[in-house]
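Architecture at a glance
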Amino acid sequence: MSNPTIGVLALQGDVREHLAALETVGAHGVTVRRPGELAAVDGLVLPGGESTTIDKLLRIFELRDLLQARIKDGLPVYGSCAGMILLADRILDGTADQQTVGGMDVVVRRNAFGRQVDSFETDLDFAGISDVGDGGAVRTAFIRAPWIEEAGPEVEVLSRIPAVDTQGRPVAAAGRIVAARQGSLLATAFHPEITGDARVHGLFVSMVAGG
């Protein structure tokens, strides 16, 4: 499949940045707000934002049940930050009424890295990207980010927080899972769409194309 049509859920969050990244790697990016738009795409991005707000809006816009059905039918979906939370089968530290779309056999801890003031950027090794071709670490941005606390046997871990930083100092969140894949679902705790490194989007486009 060349030039696949990939939707970005446009209910809340950093939609424009994901659309730009998708176009950079050869996909046709479109916004998705209605059931008919969701039904027409080859893949979908769930952007960062506020997971509880996106959860509520999915139900208000009558998209949640359709999205769950399409995921069960094999629709490739990439969730970044809040999108990772939405793809998780189970969450920790969510609100009492918070629901997820599910599909990934993971436990995700919401706001695991702290508050907005604790946001940071770092370079990470990412399986399927750093070890392919010229490779190199992926530039990532963490903003009130979650992490994967537990991953089931069908989940492929793609990236973890390293034991030490670039200055050799120990990292408090060392070993935490921040990127994973299960079948046609991809999730990252970070925001690659705002760092100028579109290789994660490239990986997702290859998934949509059958790679």
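This text goes with the structure placed above it.
Residues numbered from 1 in each chain as written. Predicted model: local features only at pLDDT ≥ 70, side-chain atom pairs only at ≥ 80, totals over all residues. Heavy atoms only, no water.

1. So, the overall build of the protein
When helices and strands are counted, the protein shows six helices and twelve strands. Taking 2.2 N^0.38 as the reference for a compact globule, 211 residues should give roughly 17 Å; the C-alpha atoms of the protein span a radius of gyration of 16 Å, in line with that estimate. Judged by the C-alpha coordinates and their principal axes, the protein covers about 50 × 45 × 35 Å. Here the protein holds 211 residues, and the buried ones make up 48% of them. Restricting the contact set of the protein to residue pairs at least 6 apart, pairs at least 24 apart contribute 66%. Taken as a whole, the protein presents about 9,300 Å² of accessible surface, with 48% of it coming from carbon and sulfur. (Helix = DSSP H or I, 4+ residues; strand = E, 2+ residues; numbered from the N terminus. Rg over C-alpha atoms; globule rule 2.2 N^0.38 Å. Buried < 20%, exposed > 50% of the residue type's maximum accessible area, 1.4 Å probe, protein only. Contact = heavy atoms within 4.5 Å. Areas by Shrake-Rupley, 256 points an atom, 1.4 Å probe, with all protein chains shown as cover.)

2. Some thoughts on helix H4 (residues 64-72)
Regarding H4, the residues found buried are Arg64, Leu67 and Ile71. Considered in projection along H4, the buried side chains sweep an arc of 65° and stay on one side of the axis. Turned more than 90 degrees away from the buried face of H4 sit Asp65 and Lys72, all of them exposed. Where H4 is buried, its residues meet helix H2 (35-40), strand E3 (43-46), helix H3 (51-60), strand E4 (77-80), helix H5 (82-87) and strand E12 (185-188). Immediately downstream of H4, the backbone of glycine 74 shows phi near 105°, a positive value. (Arc of directions from axis to C-beta.)

3. Considerations on the side chain of arginine 64
One can find arginine 64 in helix H4. Buried charge arginine 64 goes without a salt bridge, the closest partner of opposite sign being aspartate 65 at 4.1 Å. Among the polar contacts listed, one links the side chain of arginine 64 to the side chain of glutamine 99, at a separation of 3.2 Å. In this structure, arginine 64 is in contact with Leu58, Arg59, Gln99 and Thr100, ignoring residues within four places of it in sequence. (Lys, Arg positive; Asp, Glu negative; His and termini not counted. Salt bridge = Lys/Arg side-chain N within 4 Å of Asp/Glu carboxyl O. Polar contact = N/O pair within 3.5 Å; in protein donor to acceptor, adjacent residues only side chain to side chain.)

4. Section: the packing of aromatic side chains
Two measures describe an aromatic ring pair: the distance that separates the ring centres and the angle between the ring planes. Tallied over the entire structure, the rule returns seven aromatic pairs. An aromatic cluster is built from Phe113, Phe120, Phe126, Phe142, Trp147 and Phe190, whose rings are joined through pairwise contacts. (Phe/Tyr/Trp six-rings, centres within 6.5 Å; stacked < 30°, edge-to-face > 60°.)

5. A short note on unusual backbone geometry
Of note, the phi angle at glutamate 62 is positive, near 55°, even though the residue is not glycine. Residue placement: glutamate 62 occurs in the loop between H3 and H4. One non-glycine residue, asparagine 111, lies in positive phi territory at about 50°. Tracing the sequence through the fold places asparagine 111 in the loop between strand E6 (104-109) and strand E7 (120-124).

6. Points about the environment of isoleucine 177
As for its position among the elements, isoleucine 177 is in strand E11 (residues 177-182). The sequence separation of isoleucine 177 and leucine 158 amounts to 19 residues, and the corresponding C-alpha distance is 7.9 Å. If we ignore the near neighbours within four places in the chain, the residues touching isoleucine 177 are Trp147, Ile148, Ala151, Val157, Ser159 and Arg160.

7. Some thoughts on the nonpolar core
Leu58, Leu67, Phe126 and Phe142 are the most contacted members of the largest nonpolar core, which has 63 residues in total. Broken down by element, the residue count for this core peaks at six residues, all from helix H6 (residues 199-208). Once residues lying within four places of it in the same chain are set aside, the contact partners of phenylalanine 126 are Asp131, Val138, Leu158, Ser159, Ala179, Thr188, Phe190, Val200 and Leu203. (Core = buried A, V, L, I, M, F, W, Y, C linked by side-chain atoms within 4.5 Å.)

8. Considering the side chain of serine 159
You can see serine 159 is positioned in strand E10 (residues 156-160). With residues near it in sequence (within four places) discarded, serine 159 still touches Leu124, Asp125, Phe126, Arg176, Ile177, Val178 and Ala179.

9. Quick notes on the pattern of salt bridges
Applying the stated criterion to the full structure yields eleven salt bridges. The partner of glutamate 37 in a salt bridge is arginine 34, and the shortest N-O contact between them spans 3.3 Å. A residue is classified by how much of its surface remains accessible, and glutamate 37, at 28% relative accessible area, is partly exposed. Note that glutamate 149 is salt-bridged to arginine 109, the shortest N-O span being 3.1 Å. Highlighted residues: glutamate 149 in strand E9 (residues 147-151) and arginine 109 in strand E6, separated in sequence by 40 residues. Since its relative accessible area comes to 26%, glutamate 149 is described here as partly exposed. Counted as one network, the salt bridges with shared partners bring together Asp93, Arg109, Glu149 and Arg176.

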